[in-house]
Amino acid sequence: MSLSVDWIRHRFGKLASREASETNSETTPLLRSTAQKRNWIYPYNKHIVFPNNGLFIQDFKKFTSNYPGNKIRTTKYTLLSFLPKNLLEQFYRLANLYFLFLVILNWFPQMEVFHREITMLPLVIVLTVIAVKDGLEDCRRYSFDRKVNNARTRAFDWKHKDYVERCWKDVRVGDFVKVVCNEIIPADILLLHTSDVNGVCHIETANLDGETNLKQRRVVRGFLSPDSPFVPEHFNSTIVCEKPNNDLNRFKGYMENPDKKKIGFDRKSLLLRGCTVRNTEEAAGIVVYAGHESKAMLNNSGPRYKRSKLERRMNIDVFFCVGLLIIMCLIGALGHVIWLGSFPDWPPFEVPDENGKFTSPALAGFYMFFTMIILLQVLIPISLYVSIELVKVGQVFFLSSDIDFYDEEMDKLLQCRALNITEDLGQIQYIFSDKTGTLTENKMVFRRCTIGGTEFSHQENALRLAAHGDVDSDEEEAVGPQRGHRSRLQFNSKNKSTRAFRRCHSAKAYYYGGYGRKKSEARRDSEVAFSSPLETDVTPDKKLMKIAREAANQMEMWCEVRCSSDSASYVDFFLALAICNTVVVSTATEPRHRVTGPSLLKPSIKSLEKLHSFLQKMKPGRISQVLSSIQSNSDQTGGTNQISPSPSGTSVGEENVAGECSSSVSGGFKDSGVSSKASTDSGDYAEGVKVGDEICYEAESPDEAALVHAAKAYNFTLMSRTPDHVTVRLPQGVLLTFEVLHTLSFDSTRKRMSVLVRHPITREIIVYTKGADSAIMDLLENPSQEKGKENKITKNASKTLKHLNWYAKDGLRTLCIAKKVLSEKSYEQWSNIRLEAEAAIENRDELLMETALNLETNLTLLGATGIEDRLQEGVPDTIEALREAGIQIWVLTGDKQETAVNIAYSCKLLDQRDTVFTINTDSKETCESILDYTIEEVKRYAAVKNTRTKLFKVPVDDGTVYPLEGAGPTFGLVIDGNTLSLVFEGNLKMKFLELAKHCRSVLCCRSTPLQKSTVVKLVRDKLKVMTLSIGDGANDVNMIQAADVGIGISGQEGMQAVMASDFAISHFKHLKKLLLVHGHWCYTRLSNMIIYFFYKNVAYVNLLFWYQFFCGFSGASMIDYWLMIFFNLFFTSLPPIIFGIMDKDISAETLLGLPELYKSGQNSEGYKWSTFWIAMLDAFYQSLICFFVPYLTYQGSDIDIFSFGTPINTLALFTILLHLAIEIKTWTVVHWVTMIGSVIFYFIVAIVFSATCISCNHPSNPYWIMEREMADPVFYLVCIITPVLALLPRYLIRVIQGTFVLCPLLKARQFDKLDKEQRDEEISEWRERTRSREATVPLSNLSPPTSPTSPGNSGHPLGRTLTFEAPLNVDLGNDGTTPPGRSMLNGTEIEHSDTLHIQSAVTENIYTSIPVSSADRTGDGGKKAEDDSDAFCAGHQRSFSIMTI
């Protein structure tokens, strides 16, 4: 429970005034001397924590006791509040209020229709069923809460001066809590101590976000004391932090010591409730947030409620039914007044009141209006809402049980997190997708790199990847058990049972169970993230391997003279790959136990002594000779330091020498960081990598893992990592231990990360930086005045940039690697500012960002990498099918534009026949001009697509603009994040949408998470279309939540997207069947069921309405009240529910083979206003037949009212059920059982009721009515003839539709009647005809634009070039030349850097199998750089920039 600011101000002010009058006390050292300034020290909008250690006992009781305890309660009710609270919640629903209104009306004698108990029956049944359901759910929540609250932990008791066992519910803010390895954290704890000598605690956040990779948390600065235990009694600081919030990635505050010194901390020191401690023997801290104020509980908001499009439409039709009911009641009231007025005097049956007065006709008509409402209450389909909920539960069951959605590797099926929007899956018009991890596997594989302007193609690695792609699933299964064999069960003999118990215990998470953590949980625990053979096995380039070895051997030389050489950049490049990350090192035998120090075989003492004495005499320039001497001497000792072969591919002899060298050399460089420590056993930690152990890397992202494995392939092996040191083994075996000074983590604003280290040999302070090329290239150092160096730097940057363009066009993810050397003075100045920023509480994030930006300048470019993120299986086929289904697909990604475009072509998002517009600009005016021009060009080939009139359907124009198929080219749009910002900021949204809705596909590159969600909301709100967003990472959460339907993919980036989604799948390919099959079924079933419900209720109510014309509109009923209530409640309720759950109008195979059938749901053909009113007219017609056929049959007879009503009720049941039988497309055993069972159940109830109820409904008497009717042959004749006459028009219409096949759905149903071979043949012919009709007319047949063709491509052998050029007015200077870098577009002056590329691959064949030259960026003055052919990847598709503005 959060406290208000005013309450805290009052409470704190009262506390301050009280303590100001007290004498000095040692219990409040921070407050007593500064009572007058306390409001300044502790702001009201901050969260203040006093420790519970006896020093602040008064403050702890007075202040911290106002915070909630750690006990949680997720239940909604208690035993006392259940009944009133549940009833209050249920009566928030308008349907229940309507029922209650009818019950109250029926209690008035003037308006009573049924017995009061009968009117109450439907309401009581509905309320009881829902109350029981809510009660059972709340009981489960109560059991869950009790289990969590009674879990045990260890909290400090200052009276006992030790940690004591305590329940979670007894922990309070300010308590000191100790947790051990594999224990779940009971509250949000500020970390003050760990058993790790470096002050690190590893946690697993799978219970919060599903991520199984370990995350590091560090002790608050100043509390690291590895040599002494943490004593809570000595803690004398006060904690001030931010108010409780639900942001898992934000936490900041400071700790104020008695000397007024403030120590800042952030989220890296916060252990969140629900996380599990891993790889740390024990950790201790102070509770800052507890119970419902913890971040985990603030994020536990439960499932989100969304209202589907079909439900919104249905609510409108319910209001139509209300209007119809009012009209019928008004007719009844008016008819009653007229009927009373037809008597010359008062009717003989009218009874006067106690005063002898009669009710006036007007007042009687008023009473009759409400009486008719009670009589015709069924016209409002209240039971429809309950039926819809049941149908959706059934649909969700079948969705979750579809074996085609099962992923064996992750042991997951489809998960439905939103139960009320299943039908929306069948109406999707726009899909917004992430790229990385959604369309691609998010398994990053190192492909190639460029260093110092030299490109290394890694052809061997490319061949390995190609071969890996052809490996079948049998080989994959063979690899699986090997990885699974390296489990956490393989421990050393020491503490083996303890560790095994802890791992077993950790599988029992108390709460926040992760998605799909069942069978796969043990497998996940035994595997390291991003460690598949595809990602770890990197085949090095032979040429680069040779250069890297030579450069590493020469390192001593250039380190000694402090002069960088060409070879130094190679060493720095691989050192940056190995160091600039947050990868945790472990071993295969203990994959989650961090390596804190390198450990080879213990070096011989003779070698160490010899090295030490030799180094005492060492002179400059002799390090290489020393190494050679040591190696030779080590060889003579008999090979004491033999080392097993390295897994990286080094030969045995080379590894032997390297091992001896490392063990000898590293023994002497104790201070310099070149070390070799003996392996020691230390509890749960693997202090070093044993010889022969395979190293495992646990990374927070697949990019980091790929780069570290690439460095390892070149024998720059990351051996260990601690918060303060990182050790790398060089190719010759030397171990370099770098001191880590600072780590600047990656963020989406900077788009890079940096690490500051001190070189162990040169003692230089080096900044290694890696990041996106757009972020790094602008931060490179300015060329010096030295001409040679200037040319070298410029040439290196230009070549690297060209290689980056190659990589991007090849679909690779690119990263630039750079470094910077700092002087001691510069570092000291920057470090002081950084420490101040870390300690700040106000604007802390902005200050930290500013320090990072100040450091990452004047970088020296080392090189760049190309990492492949391969397409998921089935993505191209899925996208092609979705596009055939009429769905517009947008890809919103943060990747480089060239990379995204290449992937778009690979996955068939962009087609070879598409005309692609690429818009990149930094000017609002230019952006507007480009949009205006492009829209004009597009409109020449676009048209409004109107729906066609069908039988009994009214033509409707939805106003949506589609590409005109068969009359012109289809368009694609590529736009970058900067241009999107201009669109949103410059009020160009509608122009952007005008262009985008003409395009078949849109690709937004370099877009931020906020831009993604803004784009989705813009399309959803402005175009009024159904949208679906799909993603796999935390950066996709906003986009997923902004769409009508959100789908999360449980992939490599954790479960944030899954937890925020409505549906969760394992692969993008599952989207095809989810939408085309299940989406179509869910929409068709539910829409047909809703229409049927409206029909059923109107048809039945009208029987009572027609009878009013023959009973003086008196509100009487010819059907027994109990049978009338049971009719909708039992007799006709189950068949439509089964119909809504199990009916299949078309088989799954046909729906997948003909994706265009999905368009029926997009156009709402199953449920629209015309469909509703046709059903209403049919209901009126059938009710007339069902009433007047019996009326004419029994006219003139002497039967009583119930003998007339019982046949009507019976034949109405037959008619309504047979109507449903006509609509059912697929009959199953369940359909037959429910249909026949409903009829049998009706007769059983009617017979028993008639035989036993003598005076149940006084004064009427239903006794033996049903038995007499069943003995009369006329009854059977009426029950046969009447349904036939009533259903004949509908049946004839269905026959005509099936004969003449007036729509694609009917044709597809005919295919299902054929055998498999014939059906496949018919589907193939249909698709061929569709393709031939939708084939784009060659552009040569169209009137060309006024612009000339591009001269560079006019002679292209594969077709002529068509260029859509904007009017370009060039201002000439005095000399007749073009001013450098400036042009005019539609009267707007623009720079040449603003580009509009219009690519038509049909005529230009820009993307061909022939390597063509790639246009480089335009330089100053508009002159293009020299084109270089892209010969390294022959046969790959390339884009050619036709026009640059």
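Rules used throughout
Residues numbered from 1 in each chain as written. Predicted model: local features only at pLDDT ≥ 70, side-chain atom pairs only at ≥ 80, totals over all residues. Heavy atoms only, no water. Helix = DSSP H or I, 4+ residues; strand = E, 2+ residues; numbered from the N terminus. Buried < 20%, exposed > 50% of the residue type's maximum accessible area, 1.4 Å probe, protein only. Contact = heavy atoms within 4.5 Å. Areas by Shrake-Rupley, 256 points an atom, 1.4 Å probe, with all protein chains shown as cover. Polar contact = N/O pair within 3.5 Å; in protein donor to acceptor, adjacent residues only side chain to side chain. Pairing = 2+ DSSP bridges. Salt bridge = Lys/Arg side-chain N within 4 Å of Asp/Glu carboxyl O. Patch = residues over 30% accessible without salt bridge, like charges linked within 9 Å, V, L, I, M, F, W, Y side chains within 5 Å. Lys, Arg positive; Asp, Glu negative; His and termini not counted. Charge placed at Lys NZ, Arg CZ, Asp CG, Glu CD. Axes fitted to C-alpha atoms, helices over the stretch in contact; angles between N-to-C directions. Parallel < 35°, antiparallel > 145°, perpendicular 65-115°, else oblique. Left-handed = near helix turned anticlockwise from the far one by under 90°. Nonpolar A, V, L, I, M, F, W, Y, C, P; charged D, E, K, R; others polar. Expected span 1.5 Å × (residues − 1). Arc of directions from axis to C-beta. Bend = angle between axes of the 7 residues up to and from the residue. Phe/Tyr/Trp six-rings, centres within 6.5 Å; stacked < 30°, edge-to-face > 60°. Lys NZ or Arg CZ within 6 Å of the ring centre and 35° of its normal.

Considering the overall build of the chain
Here is step 1 of the chain: Helices and strands together make up the secondary structure of the chain, namely 47 helices and 43 strands.
Here is step 2 of the chain: Expressed as a percentage of its 1445 residues, the buried residues of the chain come to 56%.
Here is step 3 of the chain: For the chain, the proportion of contacts with a sequence separation of at least 24, taken over those separated by at least 6, is 75%.
Here is step 4 of the chain: As displayed, the chain offers around 61,300 Å² of accessible surface, 57% of which is attributable to carbon and sulfur atoms.

As for the side chain of Asp-1178
Here is step 1 of the chain: Among the structural elements, Asp-1178 can be located in helix H41 (residues 1169–1193).
Here is step 2 of the chain: Among the polar contacts listed, one links the side chain of Asp-1178 to the side chain of Arg-1290, at a separation of 2.7 Å.
Here is step 3 of the chain: If we ignore the near neighbours within four places in the chain, the residues touching Asp-1178 are His-1219 and Arg-1290.

Quick look at the pairing of strand E35 (residues 971–976)
Here is step 1 of the chain: By the criterion of burial, E35 is predominantly enclosed, with six of the six residues buried.
Here is step 2 of the chain: On E35, burial covers both faces: Phe-971, Leu-973 and Ile-975 on one face and Gly-972, Val-974 and Asp-976 on the other are all buried.
Here is step 3 of the chain: Inspection of the sheet shows strand E32 (residues 915–920) paired to E35 by five bridges, in the parallel sense. Among the inter-strand pairings, Phe-917 is bridged to a residue of E35, identified as Leu-973.
Here is step 4 of the chain: Direction of pairing for E35 relative to strand E36 (residues 1001–1005): parallel, over a ladder of five bridges. Note that in E36 the partner of Val-974 across the bridge is Leu-1003.

Let's talk about the pattern of salt bridges
Here is step 1 of the chain: Within the structure shown, the criterion is met by 42 salt bridges.
Here is step 2 of the chain: With a closest N to O distance of 3.3 Å, Lys-76 and Glu-89 form a salt bridge. Placement of the pair is Lys-76 in the loop between helix H3 (57–62) and helix H4 (82–90) and Glu-89 in helix H4, with a sequence separation of 13 residues.

Considering the pairing of strand E13 (residues 282–289)
Here is step 1 of the chain: Burial within E13 is extensive, with seven of its eight residues counted as buried.
Here is step 2 of the chain: Pairing between strand E4 (residues 176–180) and E13: five bridges, direction antiparallel. Looking across to E13, one finds that Val-177 is bridged to Gly-285.

Description of a negative patch on the surface
Here is step 1 of the chain: Taken together, the side chains of Asp-1315, Glu-1317, Glu-1321 and Glu-1325 present a region of like negative charge at the surface.
Here is step 2 of the chain: You can see Glu-1321 is positioned in helix H47 (residues 1316–1334).

What about the sheet that holds E4?
What links the strands of a sheet is backbone hydrogen bonding, and the strands pair in either a parallel or an antiparallel sense.
Here is step 1 of the chain: One open sheet holds the six strands; their spatial order is E3-E2-E4-E13-E5-E11, and the pairing between them is antiparallel. In this open sheet, the two strands that pair with only one neighbour each are strand E3 (162–167) and strand E11 (270–271).

Quick word on the environment of Tyr-385
Here is step 1 of the chain: As for its placement among the helices and strands, Tyr-385 is situated in helix H11 (residues 382–400).
Here is step 2 of the chain: On the basis of relative accessible area, Tyr-385 is assigned to the partly exposed category, the value being 27%.
Here is step 3 of the chain: Distance in space between the C-alpha atoms of Tyr-385 and Ala-95 is 8.5 Å, their sequence separation being 290 residues.
Here is step 4 of the chain: Each residue touching Tyr-385, except ones within four places of it in the same chain, is listed here: Met-314, Asn-315 and Val-318.

Brief notes about the packing of helix H36 (residues 1070–1108) against helix H37 (residues 1121–1131)
Here is step 1 of the chain: Where H36 contacts H37, the axes come no closer than 11 Å and their chain directions differ by 170°. Put simply, H36 runs roughly antiparallel to H37. For the crossing formed where H36 meets H37, the hand is right-handed. Residues Lys-1096, Asn-1097, Tyr-1100 and Leu-1104 of H36 pack against Leu-1123, Met-1124, Phe-1127 and Asn-1128 of H37.
Here is step 2 of the chain: When its residues are assigned to classes, the contact of H36 with H37 shows five nonpolar, two polar and one charged.

So, helix H17 (residues 542–553)
Here is step 1 of the chain: With 12 residues, H17 should cover 16 Å at 1.5 Å per step; its first-to-last C-alpha distance of 17 Å lies within 8% of that length.
Here is step 2 of the chain: The set of residues buried in H17 consists of Leu-544, Met-545, Ala-548, Ala-551 and Ala-552. One side of H17 carries all its buried residues, which in axial view fall inside an arc of 130°. Of the exposed residues in H17, the ones pointing more than 90 degrees away from its buried face are Lys-542, Lys-543 and Lys-546.
Here is step 3 of the chain: Sitting at the head of H17, Asp-541 places a side-chain oxygen 3.1 Å from the backbone nitrogen of Lys-543.

Digging into H36
Here is step 1 of the chain: Taking 1.5 Å of rise per residue, the 39 residues of H36 would be expected to cover 57 Å, and the 56 Å separating its terminal C-alpha atoms lies within 8% of that figure.
Here is step 2 of the chain: For H36, the principal kink sits at His-1078 and spans about 35°.
Here is step 3 of the chain: Summarising burial for H36: 37 of the 39 residues are buried, a large majority.

So, the packing of aromatic side chains
Here is step 1 of the chain: Taken as a whole and assessed by the stated rule, the structure comprises 53 aromatic pairs.
Here is step 2 of the chain: Considering the side-chain rings of Phe-1110 and Phe-1188, the 6.1 Å spacing of their centres and the 70° angle between planes classify their relative orientation as edge-to-face. Of this pair, Phe-1110 sits in the loop between H36 and H37 while Phe-1188 sits in helix H41, placing them 78 residues apart in sequence.
Here is step 3 of the chain: On the basis of relative accessibility, which here comes to 29%, the residue Phe-1188 falls in the partly exposed class.
Here is step 4 of the chain: One aromatic cluster is present, formed by Trp-1122, Phe-1126, Phe-1130, Phe-1131, Phe-1214, Phe-1241, Tyr-1242 and Phe-1243 through successive ring pairs.
Here is step 5 of the chain: Residue placement shows Lys-262 over the ring face of Tyr-254; its charged tip is 4.5 Å from the ring centre.

Things to note about the packing of helix H32 (residues 989–996) against helix H33 (residues 1009–1023)
Here is step 1 of the chain: Here H32 crosses H33 at 85°, and the two axes come no closer than 11 Å. Classified by the angle their axes make, H32 and H33 are roughly perpendicular. Contact residues: Lys-989, Met-990, Phe-992 and Leu-993 in H32; Leu-1018, Val-1019, Lys-1022 and Leu-1023 in H33.
Here is step 2 of the chain: Taken together, the residues that form the contact of H32 with H33 break down as six nonpolar, no polar and two charged.

Regarding the side chain of Ser-1087
Here is step 1 of the chain: Of note, Ser-1087 is situated in helix H36.
Here is step 2 of the chain: With near-sequence residues (within four places) excluded, Ser-1087 lies in contact with Leu-310, Gly-1166 and Tyr-1167.

Some remarks on a nonpolar patch on the surface
Here is step 1 of the chain: A surface patch of nonpolar side chains, amounting to about 580 Å² of accessible area, comprises Trp-1227, Trp-1232, Ile-1236, Ile-1240, Ile-1244 and Val-1248.
Here is step 2 of the chain: Examined against the element boundaries, Ile-1236 turns out to sit in helix H43 (residues 1229–1252).

Re the environment of Ile-1265
Here is step 1 of the chain: Relative to the helices and strands, Ile-1265 resides in helix H44 (residues 1265–1270).
Here is step 2 of the chain: Note: C-alpha distance between Ile-1265 and Ser-1250 (15 residues apart in sequence) is 5.9 Å.
Here is step 3 of the chain: Once you skip the residues sitting within four places of it in the chain, Ile-1265 turns out to touch Asp-1200, Phe-1202, Ser-1203, Thr-1206 and Ser-1250.

A closer look at the sheet that holds strand E16 (residues 440–451)
Here is step 1 of the chain: The strand order across the open sheet built from nine strands is E17-E16-E30-E29-E28-E27-E26-E25-E24, with neighbouring strands paired in antiparallel fashion. The two strands at the open ends of the sheet, each matched to only one other strand, are strand E17 (454–456) and strand E24 (717–721). With strand direction ignored, the average angle separating the axes of adjacent strands in the sheet is 30°.
Here is step 2 of the chain: Sheet analysis places E16 next to E17, joined by three bridges and oriented antiparallel. Its bridge partner lying in E17, Thr-450 is registered against Glu-455.
Here is step 3 of the chain: Of the strands in this sheet, strand E26 (735–744), strand E27 (752–758), strand E28 (765–771) and strand E29 (812–822) are in contact with helix H26 (residues 824–839), which crosses E26 at around 50°.

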